[in-house]
Amino acid sequence: ERLLAVDAGAAGVVAVVERDGERSIRVDGHYALGGTAERVHHERQAHLPLVLAPGARRVAHAGSATGISAGGALAHPIEALAVVERIPAVARAGARWFGDANRGVYTDPRTTVVLDDARNFLRNTGERFDVVIGDLFVPWHAGAGSLYAREHFAAVRARLVPDGIFCQWLPLYQLSEPELRVIAATFL
């Protein structure tokens, strides 16, 4: 890998790396936050819920990373997109190094970038959304487990308009069957 950029802060060391022409973000040297190689698959994280909610106008996307997943929402006729990212250096990296792959999500006039934990934002905002998308969070990563908590799911529900949709992506390749059952039971 070739190091393109590094930004160290209280939340960790965020690096943008390139390998074989594909860029990705790493936090603390090991935790990958997506990249250009999987652009089509990442965009589907926004496409599927928006296809299921064709009239959606206001969308919240929890977790930005490269912005590719959230940027997929801009392919739909939405009016507003709240992109919530807890690590400021990740949002800076996504804006600077991935604009060509994320549909310019960080600079699009429909987008508001919220630098906050998604739990706090959804619990405290007065905004209502047609669709809330929870990016693919690995439960064992610091701060991510609480995004699978009952309190978080209740906060999401409170922020949805009637008949709104919440789509939480799960890393099934990193969950055991008992862990998946706990998350599903908590969600229900």
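Residues numbered from 1 in each chain as written. Predicted model: local features only at pLDDT ≥ 70, side-chain atom pairs only at ≥ 80, totals over all residues. Heavy atoms only, no water.

A.B. asks: Let's hear about the overall build of the chain: which residues, and what values?
C.D. replies: Helix and strand content of the chain: 6 helices and 9 strands. Here the C-alpha radius of gyration of the chain, 16 Å, is about what a compact globule of 188 residues would show, namely 16 Å. Based on the C-alpha atoms only, the size of the chain along its principal axes is roughly 45 × 40 × 30 Å. In the chain, which comprises 188 residues, the share counted as buried stands at 51%. Contacts spanning at least 24 positions in sequence make up 63% of the contacts within the chain whose residues lie at least 6 apart. Here the chain has roughly 9400 Å² of accessible surface; of this, 55% comes from carbon and sulfur atoms. Charged side chains of the chain number 20 positive and 21 negative; the gap between the two group centres comes to 3 Å. (Helix = DSSP H or I, 4+ residues; strand = E, 2+ residues; numbered from the N terminus. Rg over C-alpha atoms; globule rule 2.2 N^0.38 Å. Buried < 20%, exposed > 50% of the residue type's maximum accessible area, 1.4 Å probe, protein only. Contact = heavy atoms within 4.5 Å. Areas by Shrake-Rupley, 256 points an atom, 1.4 Å probe, with all protein chains shown as cover. Lys, Arg positive; Asp, Glu negative; His and termini not counted. Charge placed at Lys NZ, Arg CZ, Asp CG, Glu CD.)

A.B. asks: Could you give an account of the environment of Pro-77, with specific residues and numbers?
C.D. replies: Its place among the elements puts Pro-77 in the loop between helix H2 (68-71) and strand E6 (80-85). In the structure, Pro-77 is positioned 22 residues away from Gly-55 in sequence and 8.2 Å away in space, judged by C-alpha atoms. Once residues within four sequence positions are removed from consideration, Pro-77 is found in contact with Ala-56 and Arg-57.

A.B. asks: Quick rundown of the packing of aromatic side chains? Include the residues and the values.
C.D. replies: Using the criterion set out here, one finds 4 aromatic pairs in the structure. Ring geometry for Phe-121 against Phe-129: centres 6.3 Å apart, planes inclined by 50°, an arrangement best described as tilted. The same class applies to Phe-121 as to Phe-129, namely buried. Where Phe-166 meets Phe-187, the ring centres are 5.7 Å apart and the plane angle is 25°; that geometry is what we call stacked. Pair noted here: Phe-166 is in strand E9 (residues 160-168) and Phe-187 is in helix H6 (residues 177-187), with a separation of 21 residues, a long-range link. Through a chain of ring-to-ring contacts, three or more aromatic side chains come together here, namely Phe-153, Phe-166 and Phe-187. A cation sits over an aromatic face here: Arg-23 above Phe-98, 5.4 Å from the ring centre. (Phe/Tyr/Trp six-rings, centres within 6.5 Å; stacked < 30°, edge-to-face > 60°. Lys NZ or Arg CZ within 6 Å of the ring centre and 35° of its normal.)

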